[in-house]
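Listed below, chain by chain, are the residues.
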Amino acid sequence: MTGGLDVQDLSFSYGAKQALNHVSFAVPPGRFCALLGPNGAGKSTLVSLLTRLLVSPSGAIHIAGQDLGRSPGKALARLGVVFQQPTLDLDLSVRQNLAYFAALHRIPRRGLNARIDAVLSRLDMAERSHEKVRSLNGGHRRRTELARALLHDPQVLLLDEPTVGLDAASRASIVAHVHDLADQGLCVLWTTHLTDEVRDSDDLLVLHRGEILTAGRSGEIRGALSLSDWFQSVTGAPA
Ligand code: ADP
């Protein structure tokens, strides 16, 4: 495959504890895929493998056609990541945080201001460009992290439980913005344990005890049940 995210036969163990067991799935460009799993399902382990914080001796991960095992630099250059823990510098402005990231990632200075303006506009954050991150609310901080993840124009966007700690309105806003990005052609993998962040038209992967339990279109999978009730019926975990 040339675009999107492709994971084949990925397994990982922490010593004797098997955290992922022969996991395979693909997310094409232009799709929002929710990876739903209760605590302990293996979501963080999968995110660590996709970002190469961990390396598995088995299986293969392709990011926009690049093999993460063989060409990690090329593969990671095509990946944007929003980690669960915020990593912004609170005493820098929104623009300064993005410029700092750009320098770390060797994004050319030429055209950088226009590039920053473009990603901030995409997330309705243009007017906050010169505000210190410390003065922003949680939702705007999260949007700044999202803008930063888009700065190098990735083809695949990975978000690890990105709404943790946000109020309902900020959560809904981030969910809507990321769906828009998928509609514009980005391949999105969104990990969560919250079923209300998933739309019927999204792709859904349910991870349970290290295995993909179900994969498909969310609305078709849940049938007549709410996604929350369906999820509880198959995993035993409330959502
Ligand atoms: P999730 O993010 O879905 O909550 P994790 O990937 O954190 O799941 O964990 C998957 C499984 O691996 C769990 O059973 C967890 O206890 C185990 N695990 C996670 N990290 C470690 C570790 N460093 N050492 C041993 N076991 C671990």
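Some points on the layout of surface pockets
- Here the largest pocket is characterised by a volume of approximately 530 Å³.
- Taken together, 23 residues form the lining of the largest pocket, with Val 81, Phe 101, His 105, Arg 148 and His 152 sitting closest to its centre.
- Contributions of two or more residues to the lining of the largest pocket are made by strand E6 (79-82), helix H3 (94-104) and helix H5 (138-150).
- Here the lining of the largest pocket is built from residues that sort into twelve nonpolar, six polar and five charged.

Things to note about empty space enclosed by the protein
- Under the counting rule described, the total for this entry stands at one cavity of 30 Å³ or more.
- Reported here for the largest cavity is a volume of approximately 30 Å³.
- Lining of the largest cavity is provided by Val 81, Val 82, Phe 83, Gln 85, Thr 87, Glu 145 and Arg 148.
- Residue assignment for the lining of the largest cavity shows that the elements contributing at least two residues are E6 and H5.

Here we look at the packing of H3 against H5
- Two elements in contact, H3 and H5, have axes separated by 10 Å at closest approach and are oriented at 30°. Compared by their axis directions, H3 and H5 come out roughly parallel. Seen from above, H3 lies across H5 with right-handed handedness. The segment H3 lies against H5, with Val 94, Asn 97, Leu 98 and Phe 101 engaging Thr 144, Ala 147 and Arg 148.
- For the contact of H3 with H5, a count of residues per class yields four nonpolar, two polar and one charged.

As for the site of the ligand
- The immediate surroundings of the ligand are formed by Tyr 14, Lys 17, Ala 19, Pro 38, Asn 39, Gly 40, Ala 41, Gly 42, Lys 43, Ser 44 and Thr 45.
- A distance of 3.0 Å separates an oxygen atom of the ligand from a polar backbone atom of Gly 42.
- Measuring from an oxygen atom of the ligand, one finds a side-chain N or O atom of Ser 44 at 2.7 Å.
- Taking 560 Å² as the accessible area of the ligand by itself, protein coverage stands at 61%.
- Contributing elements (two or more residues each) for the shell around the ligand: strand E2 (17-27) and helix H1 (43-50).

A word on a negative patch on the surface
- Taken together, the side chains of Asp 124, Glu 127, Asp 180 and Asp 183 make up a negatively charged region of the molecular surface.
- With respect to the element layout, Asp 183 can be found in helix H6 (residues 168-183).
- Classification of Asp 183 as exposed rests on a relative accessible area of 65%.

Regarding the domain arrangement of the chain
- Here the chain is described as being made up of domain 1 (1-78 + 154-239) and domain 2 (89-153).
- Distance between the C-alpha centres of domain 1 and domain 2: 25 Å.
- With 18 residues of domain 1 at the contact, the number on the domain 2 side is twelve residues.
- Carbon and sulfur atoms supply 64% of the area buried between domain 1 and domain 2, which totals about 1200 Å² over both sides.
- Across the domain 1-domain 2 interface, the total number found is zero salt bridges.
- Viewed at the interface, domain 2 and domain 1 are joined by three residue pairs in polar contact (both at pLDDT 80 or more).
- For the side of domain 1 that touches domain 2, the secondary structure elements donating two or more residues are strand E7 (156-160) and H6.
- With six residues, H6 is the single largest residue contributor to the side of domain 1 that touches domain 2.
- Among the residues forming the side of domain 1 that touches domain 2, the class breakdown is eleven nonpolar, five polar and two charged.

Reading the values: rules and limits
Residues numbered from 1 in each chain as written. Predicted model: local features only at pLDDT ≥ 70, side-chain atom pairs only at ≥ 80, totals over all residues. Heavy atoms only, no water. 1 Å grid on protein atoms, 1.4 Å probe; cavity = no way out; pocket = protein on both sides within 12 Å on 5 of 7 lines; lining within 4 Å. Points joined across faces, edges and corners; volume = space filled by probe spheres on them. Helix = DSSP H or I, 4+ residues; strand = E, 2+ residues; numbered from the N terminus. Nonpolar A, V, L, I, M, F, W, Y, C, P; charged D, E, K, R; others polar. Axes fitted to C-alpha atoms, helices over the stretch in contact; angles between N-to-C directions. Parallel < 35°, antiparallel > 145°, perpendicular 65-115°, else oblique. Left-handed = near helix turned anticlockwise from the far one by under 90°. Contact = heavy atoms within 4.5 Å. Near = heavy atom within 4 Å. Polar contact = N/O pair within 3.5 Å; in protein donor to acceptor, adjacent residues only side chain to side chain. Areas by Shrake-Rupley, 256 points an atom, 1.4 Å probe, with all protein chains shown as cover. Patch = residues over 30% accessible without salt bridge, like charges linked within 9 Å, V, L, I, M, F, W, Y side chains within 5 Å. Salt bridge = Lys/Arg side-chain N within 4 Å of Asp/Glu carboxyl O. Lys, Arg positive; Asp, Glu negative; His and termini not counted. Charge placed at Lys NZ, Arg CZ, Asp CG, Glu CD. Buried < 20%, exposed > 50% of the residue type's maximum accessible area, 1.4 Å probe, protein only. Domains from an automatic or database assignment. Buried area = accessible area lost by both parts, 1.4 Å probe.

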